[in-house]
Amino acid sequence: MGREAAMGESVVENGTAPRLALPPRPKTRLGLWQHLKATRANSVSTWSDAAFEMELGERHMLWRHVIIANAPEHVRHVLLDNAENYVRSSLSRRLLEPGLGQGLLTTHGATWRRQRRMMAPAFAAKRIADFAPAMVEAAERLAWDWSRVPPSAPVDLAEAMSGLTLAIISEAMFSVRVDPEIALIGQAVAVYQSAIRPSIADLIGLPDWLPRPAVRRAHRIFAESDRVIQRLIDERRRHGGPDDLLAMLLAAPDGEAPASAKEVRDHVATIFTAGHETTANALAWTFYLLSLHPAERRRLEDELDRVLGERAATAEDVPNLTFTRMVIEESMRLYPPAHTMSRQALGPDRLGTIELRKGSSVLIVPWLLHRHRKLWDRPDEFRPDRFAPAEVAARPRFAYIPFGAGPHICIGASFAMTEAILCLATIARRFRLTLVPGTTVEPVGLITLRPKHGLPMRLERR
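Given the structure is predicted, the values throughout are model-derived calculations rather than measurements.

A. Here's a closer look at the environment of proline 121. Of note, proline 121 is situated in the loop between helix 4 (109-119) and helix 5 (125-146). Since its relative accessible area comes to 39%, proline 121 is described here as partly exposed. Placed 139 residues apart in sequence, proline 121 and serine 260 show a C-alpha to C-alpha distance of 18 Å.

As structure tokens, this is what we get:
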């Protein structure tokens, strides 16, 4: 299939790098109608080869004026230097609000600042360290389950990582392991991810008052899980409970009123989506890359053997698992879970030679930025050493933004990195995973970047 969806190929005898999975890439810029159709199906398949070298792009989509900021200085301007002039675009809010409500991913201004203050204590370094044992225990349970899988029987890594991160966020949020009720929340997130696509009306900028069937569909998707969340909130308010994320969301910040049940519900839905689906995809892509790069996998295993030996990983090990972190960072460069960020200008501005008016949309696309040929040497190859300290220091700060940047940088970034490092260390210490030969892998850009057909892998005990 050429440079498109790659098969499960490992390093060939002459030492050349394996072909990594890519979506179909158009040879030239798509026309409007083709672009609209491709965006609905797989937004990362809309970019032609030339997009991976451009620094600034512009597109008029009937009523929408869209700018693509694809150089570190332009990304910095939008996300940091003039961040007050930019909010999440109306398109991204229409995609997220029906399911996630008014949470950190959809609000701005004073409401966003209040929510950020309220949620910040839940993601402080001490709290993340407190959650680390639950992360490791969940990964150990998965490894135990895998120990009973016959060697010839493949497992779907994408599905397994989704189950793993769901178990972790359930423990962190509610102090319970996944049960059928909690699983409903994870199922709603997964269905929402697949079912909610931007409509043609959204993509061309038709007025907000026009009906959007996706809104009704989103409310139906979350109906059952919302009842579960509401019951858990009511029980916790009546009877109290452990010092988990839910307790912190229910506690009022100093000098402020407690959050309403609706606010807490929206925070729970946001954390389950941002803290479960994104980390699951990061881990799935990491194991995919390691399966194709046995030399890098051996370096990872050598570090785990040296740092951990036969014992389980702890939060104290995270700073010493330097190559483990580099592997995950390189995985998120090639396959960023948050593949596209959309902002909307509140007032006029200028990016390079392009004048923005009020309402102009700015796309910041890590899928492009992280593979930009002017920023990265051999950008389509898996090379964890890019994230050695000296390499990072020599690179423009805004060339790599898997968690965003500026004031709106992901509040759970440290939680997600700790989770990914500990889970990768726990699993890779016990198993080698190999992509089933002949498997076609294709990244699909929905709300997050997922493997379209799953990732069937075989397990080999170390």
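B. Summary view of the sheet that holds strand 9 (residues 431-435). Reading across from one edge, 4-12-9 is the order of the three strands in this open sheet, with antiparallel pairing throughout. Whereas interior strands pair on both sides, the edge strands pair on one side only; in this sheet they are strand 4 (155-156) and strand 9. Inspection of the sheet shows strand 4 paired to strand 12 (residues 456-461) by two bridges, in the antiparallel sense. Within the sheet, the bridge partner assigned to valine 155 lies in strand 12 and is methionine 457. Those strands touched by helix 11 (residues 261-292) are strand 9 and strand 12, and its axis lies near 85° from that of strand 9.

C. Representation of helix 2 (residues 72-81) in the model. Along helix 2, the positions that sit buried rather than exposed are Pro72, His74, Val75, Val78 and Leu79. Along the axis of helix 2, the buried residues cluster in a sector spanning 165°; they form a single face.

D. Here's a closer look at the nonpolar core. Of all hydrophobic cores here, the largest spans 107 residues; its most connected members are Trp146, Met161, Phe272, Tyr288, Tyr335 and Trp367. Ranked by residues supplied to this core, first place goes to helix 11 with 14 residues. Non-local contacts of phenylalanine 272, meaning those with residues more than four positions away in its chain, are made with Leu166, Ile169, Ser170, Met173, Phe174, Ile182, Ile185, Val189 and Glu277.

E. Main features of the packing of aromatic side chains. Here the structure, examined in full by the defined rule, presents twelve aromatic pairs. Where tyrosine 192 meets phenylalanine 222, the ring centres are 5.3 Å apart and the plane angle is 70°; that geometry is what we call edge-to-face. One end of the pair, tyrosine 192, is in helix 7 (residues 180-195); the other, phenylalanine 222, is in helix 9 (residues 213-239), and 30 residues separate them in sequence. For the pair formed by tyrosine 192 and phenylalanine 222, the shared burial category is buried. Taking the centre distance of 4.1 Å and the plane angle of 10° together, the rings of tryptophan 285 and tyrosine 335 count as stacked. Residue tryptophan 285 is found in helix 11, and its partner tyrosine 335 is found in the loop between helix 13 (322-334) and strand 5 (341-345); the two are separated by 50 residues along the sequence. Of the two residues examined, tryptophan 285 and tyrosine 335, each falls in the buried class. Taken together, the ring pairs connect Trp285, Tyr288, Tyr335 and Trp367 into an aromatic cluster. In this arrangement the basic side chain of arginine 371 is found over the ring face of tryptophan 367, its NZ or CZ atom lying 4.5 Å from the centre.

About the criteria used
- Residues numbered from 1 in each chain as written.
- Predicted model: local features only at pLDDT ≥ 70, side-chain atom pairs only at ≥ 80, totals over all residues.
- Heavy atoms only, no water.
- Helix = DSSP H or I, 4+ residues; strand = E, 2+ residues; numbered from the N terminus.
- Buried < 20%, exposed > 50% of the residue type's maximum accessible area, 1.4 Å probe, protein only.
- Pairing = 2+ DSSP bridges.
- Contact = heavy atoms within 4.5 Å.
- Axes fitted to C-alpha atoms, helices over the stretch in contact; angles between N-to-C directions.
- Arc of directions from axis to C-beta.
- Core = buried A, V, L, I, M, F, W, Y, C linked by side-chain atoms within 4.5 Å.
- Phe/Tyr/Trp six-rings, centres within 6.5 Å; stacked < 30°, edge-to-face > 60°.
- Lys NZ or Arg CZ within 6 Å of the ring centre and 35° of its normal.

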